[in-house]
Amino acid sequence: MSVQQNDFSKWYIDTIQKADLMDYTPVRGCIAFKPDGYELWERIQSEMDRRFKETGHRNAYFPMLIPESFFQKEKDHIEGFSPELPWVTEAAGEKLEERLALRPTSETMIGHLYSDWIKSYRDLPVLINQWANVFRWEKKTLPFIRTSEFLWQEGHTAHVDEEDARKETMQMLQVYKEVVEDLLAIPVYDGQKTPSERFAGAVDTFSIEAMMKDGKAVQAGTSHYLGTKFAEAFDIKYLNRENKHVYVHTTSWGTSTRLIGAMIMVHGDEQGLVLPPKMAPTQVVLIPVGPWKKKPEIMEKLDELYAELKSKGIRVKLDDSDQSPGYKFNEWELKGVPVRIELGPRDLENGQVLMKARDAEEKSAVSLEELIATVENELTVMQTRLFDKAKQFRADNSHTHVNTLEELKAHIAESQEAGKTPGWILGGWCGDDACEENVKEQTKFTTRNIPFDPPTEKKVCVNCGNEAKHSVWFGRAY
């Protein structure tokens with residue numbers, strides 16, 4: 001059995017450490033992002049930010065410290081977040097009159113300020129996004145996937161009515177789906193969260209859910225319709241066209257650095273990190289081989305290739321260090337670089353290089369004349385190939401044959417006996433929270449979402465056998 005199959009968590013930790021993406025710090029659950037790790041976030045940030053601005057949103061920044069009284073204003077919100085909140089109780093040697101929370105999310109602070117900023121229908125919609133760090137004191141942590149402090153973006157918008165707010169909610173979920181599938185090459189199921197899984201204080205929560213190589217789920221992004229709950233709690237009213245004061249309808253939506261962890265878990269292999277070309281900090285590495293130091297023409301040609309690739313906008317590095325070629329090959333494989341190009345004396349004589357894609361078994365000879373075009377094509381093809389491979393894995397591990405709790409238990413047992421992941425199952429759900437909770441207690445499978453486009457419609461509840469109101473993805477999750 002492979003390391004990935006035998007101990008996925010160990011494989012994951014080893015992979016991110018060998019790839020030099022992060023380091024642990026003395027504060028429990030808080031990591032340092034090393035340059036390659038942070039650049040992955042910058043690529044996500046850049047693509048998201050571009051799309052946010054294209055849809056009319058602007059960035060702003062709000063304080064990290066939130067008064068305790070703000071949380072008390074929205075009952076569901078404080079109940080949802082209170083177990084995870086770290087508090088500031090002293091400053092400058094004096095005890096504070098009111099405790100201040102390190103933000104777990106910013107609805108309360110932003111609601112307080114929106115009540116001053118919004119006065120008339122002319123002020124709406126308010127379309128604001130914030131790039132920030134947030135804190136949730138997790139009991140169990142895993143780098144990138146679940147940490148006490150993490151980086152994210154949180155959109156907060158206010159609208160004249162429910163129709164406009166719901167349109168915004170779905171628009172941003174679609175933006176998330178497009179970015180995660182196109183940039184990170186991760187296929188996702190989009191759908192609605194069940195009431196027990198929705199955001200604390202939301203009317204409706206929608207999500208994109210991704211399947212990892214161990215069959216577990218990662219919630220890759222959420223978008224929430226908040227109705228007038230926060231508007232009522234923070235008195236966010238506006239004067240409408242009929243000259244009446246009415247509450248705004250608000251939304252919030254967010255993705256975080258857990259996308260980095262998801263990407264690693266979806267694409268990584270036994271050798272370690274595999275990066276989609278669009279995400280890779282270094283897309284191509286050039287490595288001289290053989291007695292290249294005695295052949296200056298080798299480095300001259302590699303310098304030429306380096307300049308050509310760079311001029312095409314390709315992120316390229318030339319490794320002329322004193323390490324052996326074998327060491328270099330291994331090092332760049334661990335870092336997940338999509339394409340490796342080797343050039344030695346014999347290659348130069350033959351007018352070729354040896355090229356290897358990170359996810360391919362074999363090297364191939366490519367003529368120097370065709371190299372640039374071949375590399376450009378390979379980066380495009382590899383991006384699609386990784387997405388298709390992940391989509392096939394998801395299809396192979398998304399099961400629709402389970403209709404009862406006993407069948408689910410049998411499916412899990414059979415999968416474990418065969419050394420396979422049980423993956424996810426599409427199950428019917430009657431809408432009763434007690435049924436959802438019992439499935440969780442019996443199997444550790446939680447509802448991921450109610451997909452917009454289920455592969456089939458389930459007729460009976462997987463727990464009680466009564467008529468199903470929804471077809472729901474169930475699976476174990478991070």
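The structure this text deals with has already been given above.
Here the structure is a predicted model, which means the values were calculated and not measured.

Rules and cut-offs
- Residues numbered from 1 in each chain as written.
- Predicted model: local features only at pLDDT ≥ 70, side-chain atom pairs only at ≥ 80, totals over all residues.
- Heavy atoms only, no water.
- Helix = DSSP H or I, 4+ residues; strand = E, 2+ residues; numbered from the N terminus.
- Rg over C-alpha atoms; globule rule 2.2 N^0.38 Å.
- Buried < 20%, exposed > 50% of the residue type's maximum accessible area, 1.4 Å probe, protein only.
- Contact = heavy atoms within 4.5 Å.
- Areas by Shrake-Rupley, 256 points an atom, 1.4 Å probe, with all protein chains shown as cover.
- Lys, Arg positive; Asp, Glu negative; His and termini not counted.
- Charge placed at Lys NZ, Arg CZ, Asp CG, Glu CD.
- 1 Å grid on protein atoms, 1.4 Å probe; cavity = no way out; pocket = protein on both sides within 12 Å on 5 of 7 lines; lining within 4 Å.
- Points joined across faces, edges and corners; volume = space filled by probe spheres on them.
- Nonpolar A, V, L, I, M, F, W, Y, C, P; charged D, E, K, R; others polar.
- Axes fitted to C-alpha atoms, helices over the stretch in contact; angles between N-to-C directions.
- Parallel < 35°, antiparallel > 145°, perpendicular 65-115°, else oblique.
- Pairing = 2+ DSSP bridges.
- Core = buried A, V, L, I, M, F, W, Y, C linked by side-chain atoms within 4.5 Å.
- Left-handed = near helix turned anticlockwise from the far one by under 90°.

**A word on the overall build of the protein chain**
- Within the protein chain, the regular secondary structure consists of 15 helices and 23 strands.
- The C-alpha radius of gyration computed for the protein chain amounts to 25 Å, which stays within 12% of the reference 23 Å derived for 478 residues, consistent with globular compactness.
- Along the longest, intermediate and shortest principal axes, the C-alpha atoms of the protein chain span 80 × 55 × 50 Å.
- Going through the 478 residues of the protein chain one by one, you find that 54% of them count as buried.
- Across the protein chain, every contact between residues at least 6 apart in sequence was considered, and the portion connecting residues at least 24 apart equals 70%.
- Of the roughly 21,700 Å² that the protein chain leaves accessible, carbon and sulfur atoms contribute 47%.
- When the 61 basic and 77 acidic side-chain charges of the protein chain are each reduced to a single mean position, those positions are 1 Å apart.

**Some points on the environment of Gln17**
- Counting through the fold element by element, Gln17 comes out in helix α2 (residues 8-18).
- Given a relative accessible area of 38%, Gln17 falls into the partly exposed group.
- Taking the C-alpha atoms as reference points, Gln17 and Phe445, 428 residues apart in sequence, are found 30 Å from one another.
- Those residues in contact with Gln17, other than ones at most four positions away along the chain, are Met22 and Tyr24.

**Comments concerning the layout of surface pockets**
- Taken as a whole, the second largest pocket holds about 320 Å³ of empty space.
- The wall of the second largest pocket is formed by 20 residues, among which Lys213, His267, Asp269, Asp359 and Lys389 lie closest to the centre.
- For the lining of the second largest pocket, the elements supplying multiple residues, two or more each, are α9 (258-267) and α13 (371-396).
- Tallying contributions element by element places α13 first for the lining of the second largest pocket, with five residues.
- Of the residues in the lining of the second largest pocket, the class split is nine nonpolar, two polar and nine charged.

**Remarks on the packing of helix α3 (residues 35-54) against α9**
- For the pair α3 and α9, the least separation of the axes is 9 Å and the interaxial angle reads 110°. Taken together, the axes of α3 and α9 lie roughly perpendicular to each other. Residues Gly37, Leu40, Trp41, Ile44 and Met48 of α3 form the contact with α9, whose participating residues are Leu259, Ile260 and Met263.
- Considered class by class, the residues forming the contact of α3 with α9 number seven nonpolar, one polar and no charged.

**What to know about the sheet that holds strand β8 (residues 149-159)**
- Spatially, eleven strands are ordered β3-β7-β8-β14-β11-β10-β9-β22-β23-β21-β20 in an open sheet, and the strand pairing comes out mixed. Edge strands, defined here as strands with exactly one partner in the open sheet, are β3 (58-59) and β20 (398-399).
- Bridge analysis of β8 against strand β14 (residues 249-256) gives eight bridges, and the strand direction is antiparallel. Considered in β14, the bridge of Thr157 is made with Thr251.
- Each of β7 (126-135), β8, β11 (217-227) and β14 is contacted by helix α6 (residues 107-117), which is oriented at about 30° to β8, the strand it contacts most.

**Overview of the nonpolar core**
- Core analysis: the largest hydrophobic core is formed by 49 residues, its most contacted members being Tyr12, Ile44, Phe144, Ile186 and Ile264.
- Of all the secondary structure elements, the ones that give two or more residues to this core are α2, α3, α7 (162-182), β10 (204-211), β11 and α9.
- Residue contributions to this core peak at seven residues, all from α9.
- Among residues more than four places away in sequence, those in contact with Ile186 are Val180, Glu181, Ala210, Ala262, Met263, Val266, His267 and Phe387.
- Core analysis: the second largest hydrophobic core is formed by 26 residues, Ile66, Ala101, Ala231 and Phe234 among them.

**Regarding the packing of α3 against α7**
- Here α3 crosses α7 at 145°, and the two axes come no closer than 10 Å. Along this stretch, α3 crosses α7, giving a crossing that reads as right-handed. For the pair α3 and α7, the contacting residues are Glu47, Met48, Arg51 and Phe52 in the first and Met172, Val175, Tyr176, Glu178, Val179 and Asp182 in the second.

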